[in-house]
Amino acid sequence: MSASASTAAVTHPERPVQPIGATSPLANAIRALAMDAVQQANSGHPGLPMGAADVATVLFTQFLKFDPAAPNWADRDRFVLSAGHGSMLMYALLYLTGYSSVTIDDIKRFRQLGSKTPGHPENFITEGVETTTGPLGQGLATAVGMAIAERHLAAEYGAGIVDHKTYVLASDGDLMEGISHEAIALAGHLKLNKLIVLFDDNGISIDGPLTLADSVDQVKRFEACGWASWRIDGHDHKAIAEALTKAQSSDRPVMIACRTTIGFGSPTKAGKSSSHGSPLGADDIKGTREALKWTSPPFEIPADVLSQWRKAGERSKPAHADWDKRFATLDGAKRADFDARMKGELPKAALDAAVKAVKESLNATPKEIATRSASEFALESLVPAVPAMVGGSADLTGSNNTRTKSMKAMNASDFSGRFINYGIREHGMAAAMNGMTLHGGIIPYSGTFLVFSDYARPAMRLAALMGTRAIHVMTHDSIGLGEDGPTHQPVEHLAALRAIPNMHVFRPADAVETVECWQLALENAHGPSVLALTRQNLPQLSKDFLGANRCAAGAYEIHAADGKAQVSIFATGSEVAIAVEGAKLLAAKGIAARVVSVPCFELFAAQPEAKRRAILGDARVKIGVEAAVRQGWDAIIGSDGAFVGMTGFGASAPYKELYKKFGITAEAVADAAMKKLQN
């Protein structure tokens, strides 16, 4: 990197003086669009946009670094509306500042089928929306990941290339959700001083005054987590600007509690829960217009007001131009690397070579190891090959095997490391991973036990909805973990995760399948992946695997029948070896049985019908084997197929005894086949 790119002074947008006072025409433009759009849709939340309009106006006209003509500019500030129910605030800002993604016609079609203004902001629908929000707390926690990504990439590429802030507008509901504590504790620990949260402190929830259910002093709470925090009047533009100015030079993350009035301007609903989630009504809107001295008809913004907003949208163009010049001074290879990283592109040649090297090693020296250990073995080659990979674990690093020997951990004074100690914060971890992916430049992966996917599931679901690549290593994947017992033994979790659309759930059978599944997870750029891995050792069953990635089809024949198969046995993970032994027992009785490994239901379901039929085969009997519940298996074995697995919770004992107790054995597989053949 050239010295000029890494050390040059960064140009920040000018901060022109804006109208002072709660009835700023710029803020009132947001209020008018919000109340009119919600009224026309007869659905939505006008209260928050009307209450937070002053805070948003000061932020967007004086502080936020953004360029509507280049929504994906890498060094833009990120703005996250964590309170996604107030989506009309976001859409009004995008329209007013000049984003082409939201027109006045789009605002008129708020919450309508196919519109770019859905009920909650969705990043895959509306350009300018950084992340999908709505489930409270998710936006705040996702923003922590964005702030981590900014610090890590700045350490790698220099402050001349990566130097921006992450702003969050959060509601009291965001701060009541448990994930918020995981997120703010992690952010405070890492001293993410470029993260600024604007708390819309309006004291109202759907049920009524916040005092019905909550009495937390949020300023003290944030301070206890290592943040700088203070209170201001959220309708005083001068106070807002002074607070944001102070935040720019903080040595830690900042939370500004902005005291606002929900539904500001409404003569009958301001400050009341009735403005939260329902249209104001025609009479109240008429009264609001009078109170705000807003004379324009619905969906019309006075030319002078719109002009001021559009000028605000132009503020950062000089900063963007200066950034382009600094970026141009980078070495060509470094520029190409940065661009590829921000686009989420993989270094294909390096990845393919790494996978090949792992496979060749396993071919030369087969390994009978747990798939969690096989994952670590694969990562030793994959992490150096894919510099965008940033790993982590929720305090289970030694059990998840997600940290390679060469990985240095990030900390508050050095973000150049590629491993994050998340602490026991599975939910916050999963959301932060979403933020890193959305920010660009990072492919995050992390580790915990499969049973604790329950803690992370809401963020994992959002990743699937948004189509973001986040890789979740989830070990101790069955009763095979043994003595820790049923609290830690997942039985329903595979089915629950497979039920999430656009989620790839991988359960490899051996070390070879593990590296193949890792390759597929990395190549899955448009959705999250789970690698469900074992604690117990498994034999290396794969043969002739140096060619194509056989897991890519989701299922393949791993053990052929001797002659025409009478029985097809389908299994995943640790149960593939049991299925193979069951097939051998059947062979000893003169019954030809084949075994199909099914490492990924979702990839198998995506295959052309002819290929699926060929893999399923035409054996008379089909059996599924998995140390989990049957749900989801009928798509493979049919409703009349036999299933060898779990029907309830596990128990505490050595794992081999548990497999016998619950009847997941080679003998049980053979017996199930014999019974079906005799019918």
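What counts and how
- Residues numbered from 1 in each chain as written.
- Predicted model: local features only at pLDDT ≥ 70, side-chain atom pairs only at ≥ 80, totals over all residues.
- Heavy atoms only, no water.
- Helix = DSSP H or I, 4+ residues; strand = E, 2+ residues; numbered from the N terminus.
- Rg over C-alpha atoms; globule rule 2.2 N^0.38 Å.
- Buried < 20%, exposed > 50% of the residue type's maximum accessible area, 1.4 Å probe, protein only.
- Phe/Tyr/Trp six-rings, centres within 6.5 Å; stacked < 30°, edge-to-face > 60°.
- Lys NZ or Arg CZ within 6 Å of the ring centre and 35° of its normal.
- Pairing = 2+ DSSP bridges.
- Axes fitted to C-alpha atoms, helices over the stretch in contact; angles between N-to-C directions.
- Contact = heavy atoms within 4.5 Å.
- Core = buried A, V, L, I, M, F, W, Y, C linked by side-chain atoms within 4.5 Å.
- Parallel < 35°, antiparallel > 145°, perpendicular 65-115°, else oblique.
- Left-handed = near helix turned anticlockwise from the far one by under 90°.
- Patch = residues over 30% accessible without salt bridge, like charges linked within 9 Å, V, L, I, M, F, W, Y side chains within 5 Å.
- Areas by Shrake-Rupley, 256 points an atom, 1.4 Å probe, with all protein chains shown as cover.
- Salt bridge = Lys/Arg side-chain N within 4 Å of Asp/Glu carboxyl O.
- 1 Å grid on protein atoms, 1.4 Å probe; cavity = no way out; pocket = protein on both sides within 12 Å on 5 of 7 lines; lining within 4 Å.
- Points joined across faces, edges and corners; volume = space filled by probe spheres on them.
- Nonpolar A, V, L, I, M, F, W, Y, C, P; charged D, E, K, R; others polar.

Okay, the overall build of the protein chain next. What the protein chain contains, in helices and strands, is 27 helices and 18 strands. Its C-alpha atoms give the protein chain a radius of gyration of 28 Å, within 12% of the compact-globule value 26 Å for 679 residues. Based on the C-alpha atoms only, the size of the protein chain along its principal axes is roughly 90 × 60 × 45 Å. Counting only residues that meet the buried cut, the protein chain has 62% of its 679 residues in that class.

This model, assessed by the stated rule, comprises 16 aromatic pairs. Where Trp73 meets Trp323, the ring centres are 6.5 Å apart and the plane angle is 70°; that geometry is what we call edge-to-face. Here Trp73 is found in the loop between helix H3 (47-63) and strand E1 (78-81), whereas its partner Trp323 is found in helix H13 (residues 317-328), with 250 residues between them in sequence. When sorted by exposure, Trp73 lands in the same class as Trp323, which is buried. Here Tyr157 and Phe338 contribute two aromatic rings whose centre-to-centre distance is 5.0 Å and whose plane-to-plane angle is 80°, an arrangement assigned as edge-to-face. Separated by 181 residues along the polypeptide, Tyr157 in helix H6 (residues 138-157) and Phe338 in helix H14 (residues 332-343) bring together distant segments of the chain. Judged on exposure class, the residue Tyr157 and its partner Phe338 are both buried. Grouping aromatic residues by their ring pairs yields a cluster made of Trp73, Tyr157, Trp323, Phe327 and Phe338. When the ring centre of Trp230 is taken as reference, the NZ or CZ atom of Lys246 above it lies at 4.1 Å. The side chain of Arg498 reaches across the aromatic face of Phe601, ending 3.8 Å from its centre.

The subject of this paragraph is the sheet that holds strand E13 (residues 529-532). By way of backbone hydrogen bonds, the strands of a sheet pair with one another, either parallel or antiparallel. On the basis of which strands lie adjacent, the open sheet formed by six strands has the order E9-E8-E10-E11-E13-E12 and parallel pairing. Sheet topology places strand E9 (419-421) and strand E12 (504-506) at the edges, where each strand pairs with a single neighbour. Each adjacent strand pair in this sheet contributes to an overall mean axis angle of 20°, direction not counted. For strand E8 (residues 389-393) and strand E10 (residues 443-449), the ladder comprises two bridges, and the chain directions are parallel. By the bridge assignment, Met389 is partnered in E10 with Ile443. Helix H21 (residues 511-523) rests against E8, E10, strand E11 (471-475), E12 and E13 of the sheet, and its axis sits at about 150° to E11.

A few words now on the nonpolar core. Counting 71 residues, the largest nonpolar core has Trp518, Val567 and Ile569 as the members making the most contacts within it. No other element matches the eight residues that H21 contributes to this core. Beyond its immediate sequence surroundings of up to four residues, Trp518 is in contact with Ser375, Ala378, Leu379, Leu382, Met389, Tyr445, Ile471, Val473 and Leu531. Core analysis: the second largest hydrophobic core is formed by 63 residues, Leu48, Phe60, Leu94 and Val102 among them.

It is worth spelling out the packing of H6 against helix H8 (residues 178-190) at this point. Axis separation between H6 and H8 bottoms out at 8 Å; the angle between their running directions is 20°. Here H8 runs roughly parallel to H6, going by the angle between their axes. Considering only the axes of H6 and H8, their crossing is left-handed. Two secondary-structure elements touch here, H6 through Gln138, Leu140, Ala141, Val144 and Ile148 and H8 through Ile179, Ser180, Ala183, Ile184, Leu186, Ala187 and Leu190.

Okay, a nonpolar patch on the surface next. Together, Phe124, Ile125 and Leu465 make up a nonpolar patch on the protein surface, roughly 250 Å² of accessible area in all. Along the chain, Ile125 falls in the loop between helix H5 (104-108) and H6. Overall, Ile125 belongs to the partly exposed group, its relative accessible area being 34%.

The subject of this paragraph is the pairing of E8. With five of five residues buried, E8 is to be regarded as a mostly interior element. Neither face of E8 is open: one carries Met389, Gly391 and Ser393, the other Val390 and Gly392, and all of them are buried. Pairing of E8 with E9, which is carried by three bridges, proceeds in the parallel orientation. Residue pairing in the sheet places Gly392 in a bridge with Ile420 of E9.

Another point: the layout of surface pockets. Considering only enclosed or pocket space, the largest pocket measures out at about 930 Å³ in volume. Along the walls of the largest pocket sit 41 residues, with Met342, Lys343, Gly344, Thr437 and Gly440 positioned nearest its centre. Here the element with the most residues in the lining of the largest pocket is H14; it accounts for seven residues. For the lining of the largest pocket, a count of residues per class yields 19 nonpolar, twelve polar and ten charged. Residue lining of the second largest pocket: 19 residues in total, with Ser574, Ala577, Ile578, Tyr655 and Lys656 positioned closest to the centre. For the lining of the second largest pocket, the secondary structure elements donating two or more residues are helix H22 (575-588), helix H26 (655-661) and helix H27 (666-678). Residues of the lining of the second largest pocket, tallied by class, amount to nine nonpolar, four polar and six charged.

Right, let's get into unusual backbone geometry. The backbone of Asn42 shows a phi angle near 55°, a positive value even though the residue is not glycine. Tracing the chain through its elements places Asn42 in the loop between helix H2 (25-41) and H3. Of note in the backbone geometry, Lys191 takes a positive phi value of approximately 55° without being a glycine. One can find Lys191 in the loop between H8 and strand E3 (195-201).

On the secondary structure map, Thr260 appears in the loop between strand E7 (254-259) and helix H11 (282-292). On the accessibility criterion, Thr260 (5% relative accessible area) is buried. Non-local contacts of Thr260, meaning those with residues more than four positions away in its chain, are made with Gly51, Asp200, Asp201, Asn202, Gly234 and His235.

A few words now on empty space enclosed by the protein. As enumerated under the stated definition, the model contains two cavities of 30 Å³ or more in all. In terms of lining residues, the largest cavity is bounded by Phe60, Leu64, Phe66, Pro71, Arg76, Asp77, Phe79, Met90, Leu94, Tyr99, Gly128 and Glu130. A breakdown of the residues in the lining of the largest cavity according to their chemical character gives eight nonpolar, one polar and three charged. Volume-wise, the second largest cavity comes out at about 40 Å³. Lining of the second largest cavity is provided by Phe79, Val80, Leu81, Met90, Pro121, Val129, Glu130, Thr131 and Thr133. Ranked by residue count, the leading element in the lining of the second largest cavity is E1, at three residues. Classifying every residue of the lining of the second largest cavity by side-chain character gives six nonpolar, two polar and one charged.

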